[in-house]
Amino acid sequence: QVQLVESGGGLVQPGGSLRLSCGASGSIFSIPVMGWYRQAPGEERELVATITTAGSTNYGDSVKGRFTISRDNAKNTVYLQMNSLKPEDTATYYCNARSANGAVYSWGQGTQVTVSS
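Residues numbered from 1 in each chain as written. Predicted model: local features only at pLDDT ≥ 70, side-chain atom pairs only at ≥ 80, totals over all residues. Heavy atoms only, no water.

Draft legend 1. Quick peek at the overall build of the protein chain. Across its full length, the protein chain carries zero helices and eleven strands. In terms of overall size, the protein chain behaves like a compact globule, its C-alpha atoms giving a radius of gyration of 13 Å where 117 residues would be expected to give roughly 13 Å. Once the C-alpha set of the protein chain is aligned to its principal axes, its extents read approximately 40 × 25 × 25 Å. Put simply, the protein chain has 117 residues, and 44% of those count as buried. Taking as baseline every contact in the protein chain between residues at least 6 positions apart, the subset at least 24 positions apart corresponds to 54%. For the protein chain, the accessible surface area stands at approximately 5,800 Å², while carbon and sulfur atoms represent 47% of it. The average position of the 9 basic charges and that of the 8 acidic charges among the side chains of the protein chain differ by 7 Å. (Helix = DSSP H or I, 4+ residues; strand = E, 2+ residues; numbered from the N terminus. Rg over C-alpha atoms; globule rule 2.2 N^0.38 Å. Buried < 20%, exposed > 50% of the residue type's maximum accessible area, 1.4 Å probe, protein only. Contact = heavy atoms within 4.5 Å. Areas by Shrake-Rupley, 256 points an atom, 1.4 Å probe, with all protein chains shown as cover. Lys, Arg positive; Asp, Glu negative; His and termini not counted. Charge placed at Lys NZ, Arg CZ, Asp CG, Glu CD.)

Draft legend 2. Structural view of the state of the cysteines. Summed over the entire model, instances satisfying the criterion amount to one disulfide. The disulfide partner of cysteine 22 is cysteine 95, and the gap between their sulfur atoms is 2.1 Å. Its torsion about the S-S bond being -80°, the disulfide of cysteine 22 and cysteine 95 is classed as left-handed. On the criterion of sequence distance, the pair formed by cysteine 22 in strand β3 (residues 18-24) and cysteine 95 in strand β9 (residues 91-98) is long-range, its members being 73 residues apart. (Disulfide = S-S within 2.5 Å.)

Draft legend 3. Examining the pattern of salt bridges more closely. As enumerated under the stated definition, the model contains four salt bridges in all. Ionic pairing is found between aspartate 61 and lysine 64, a salt bridge with its closest N-O pair at 3.1 Å. The exposed category is assigned to aspartate 61, whose relative accessible area is 65%. When the shortest N-O distance is used, the salt bridge between aspartate 89 and arginine 66 registers 2.8 Å. Here arginine 66 lies in the loop between β6 (57-59) and β7 (67-72) and aspartate 89 lies in the loop between β8 (77-82) and β9, a separation of 23 residues in the sequence. In this pair, the class of aspartate 89 matches that of arginine 66, namely buried. Salt bridges sharing partners connect three or more residues here, namely Arg38, Glu46, Arg66 and Asp89. (Salt bridge = Lys/Arg side-chain N within 4 Å of Asp/Glu carboxyl O.)

Draft legend 4. View of the packing of aromatic side chains. Summed over all chains, the structure comprises two aromatic pairs. Members of the aromatic cluster, each reached through a chain of ring pairs, are Tyr37, Tyr94 and Trp107. Positioned above the aromatic ring of tyrosine 94 is the side chain of arginine 45, whose terminal nitrogen or guanidinium carbon lies 3.8 Å from the ring centre. Across the ring face of tryptophan 107, the terminal group of arginine 45 is positioned such that the distance to the ring centre comes to 4.5 Å. (Phe/Tyr/Trp six-rings, centres within 6.5 Å; stacked < 30°, edge-to-face > 60°. Lys NZ or Arg CZ within 6 Å of the ring centre and 35° of its normal.)

Draft legend 5. Representation of the nonpolar core in the model. Met34, Trp36, Leu80, Met82 and Tyr93 are the most contacted members of the largest nonpolar core, which totals 28 residues. Breaking this core down by element, the ones donating at least two residues are β3, β4 (33-39), β5 (46-52), β7, β8, β9 and β11 (111-115). Ignoring sequence-local partners within four residues, the contact set of methionine 82 consists of Gly16, Ser17, Leu18, Leu20, Arg66, Phe67, Tyr93 and Val113. (Core = buried A, V, L, I, M, F, W, Y, C linked by side-chain atoms within 4.5 Å.)

On their own, these measurements won't tell you what the molecule is for.
Here it is, written out as structure tokens:
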């Protein structure tokens, strides 16, 4: 089972940018879908973005046009570039690896993103 470790979170002002990284302990080349999710206190975990092995992407409505997901199979890493951050983006961000039909292989431990002035 692949182990996932997120990094890159922190405190940023509204309108700022952050890039999150999700490093895998093994190859992600054959993992059908890699994704980012987030969970704010008292809220359910929600989809941020996913990317397939073919490079097809899908985004949650609240981040479309501001966030970009990418994967570097050679580095076994998935990235989430977050621009124009808003206070409502504050959450713990989690990376996951799953099959095409939704079966989750692994979750990371999460990285905290706080957007505040």
